[in-house]
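A structural walkthrough
In case you want the letters, here they are:
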Amino acid sequence: FSMRAPYPLTLQSIRASLATASTAGTVTIDVLVNGASILSTKLTIDQGEETSVSAAVQPVISTAAIADDAEISISVTAPGSGATGLKVTLFTLI
């Protein structure tokens, strides 16, 4: 999935959720801006969980500034098993 930033923004935090939790393995998500990762520690949802809020390892945003019209892409780098309905939310300052 990808989209364009509608204006310059600063990423404050990020979280993800699932409709159905993974039955085996952690779901790992990366966020890229113009093809480069902006997370030094990827976003994860632990096995059996439906949200990243309770993940054992929290994401670390290494590049918070996103330019106007930058391409923002969501990449699932480890899908877990049986996980469905991924939603990723970016919390920003304008």
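Residues numbered from 1 in each chain as written. Predicted model: local features only at pLDDT ≥ 70, side-chain atom pairs only at ≥ 80, totals over all residues. Heavy atoms only, no water.

1. Comments concerning the overall build of the protein chain
In terms of helices and strands, the protein chain carries zero helices and 10 strands. Ordered by position in the sequence, the α and β elements of the protein chain form the string β-β-β-β-β-β-β-β-β-β. Relative to the globule expectation of 12 Å for 94 residues, the C-alpha radius of gyration of the protein chain, 13 Å, shows essentially globular dimensions. Here the C-alpha coordinates of the protein chain stretch approximately 40 × 20 × 20 Å along the principal axes. Looking at the protein chain as a whole, 31% of its 94 residues qualify as buried. For the protein chain, the proportion of contacts with a sequence separation of at least 24, taken over those separated by at least 6, is 74%. Between the mean site of the 4 positive side-chain charges and the mean site of the 7 negative ones, the protein chain shows a separation of 2 Å. (Helix = DSSP H or I, 4+ residues; strand = E, 2+ residues; numbered from the N terminus. Rg over C-alpha atoms; globule rule 2.2 N^0.38 Å. Buried < 20%, exposed > 50% of the residue type's maximum accessible area, 1.4 Å probe, protein only. Contact = heavy atoms within 4.5 Å. Lys, Arg positive; Asp, Glu negative; His and termini not counted. Charge placed at Lys NZ, Arg CZ, Asp CG, Glu CD.)

2. Things to note about the pairing of strand E2 (residues 9–17)
Pairing of E2 with strand E8 (residues 65–66) involves two bridges; the strand directions are antiparallel. The residue of E8 that forms the bridge with Thr 10 is Ala 65. (Pairing = 2+ DSSP bridges.)

3. Remarks on the side chain of Asp 30
You can see Asp 30 is positioned in strand E3 (residues 27–33). According to the relative accessible area criterion, Asp 30 is buried, its value standing at 8%. Only 2.7 Å separates the side chain of Asp 30 from the side chain of Ser 37, close enough to count as a polar contact. (Polar contact = N/O pair within 3.5 Å; in protein donor to acceptor, adjacent residues only side chain to side chain.)

4. Some thoughts on the sheet that holds E2
With antiparallel pairing, three strands are arranged side by side in an open sheet as E8-E2-E10. A single partner strand is all that each edge strand has here, and the edge strands are E8 and strand E10 (87–93).

5. Focus on the pattern of salt bridges
Close approach of charged atoms allows side chains of opposite charge to pair. Under the definition given, this model contains one salt bridge. Residues Asp 30 and Lys 42 are paired through a salt bridge, measuring 3.7 Å at the closest nitrogen-oxygen approach. Note that Asp 30 is positioned in strand E3 and Lys 42 in the loop between strand E5 (39–41) and strand E6 (43–45), a separation of 12 residues in sequence. Relative accessible area serves as the criterion here: at 28%, Lys 42 is assigned to the partly exposed category. (Salt bridge = Lys/Arg side-chain N within 4 Å of Asp/Glu carboxyl O.)

The values are spatial; any link to function lies outside them.
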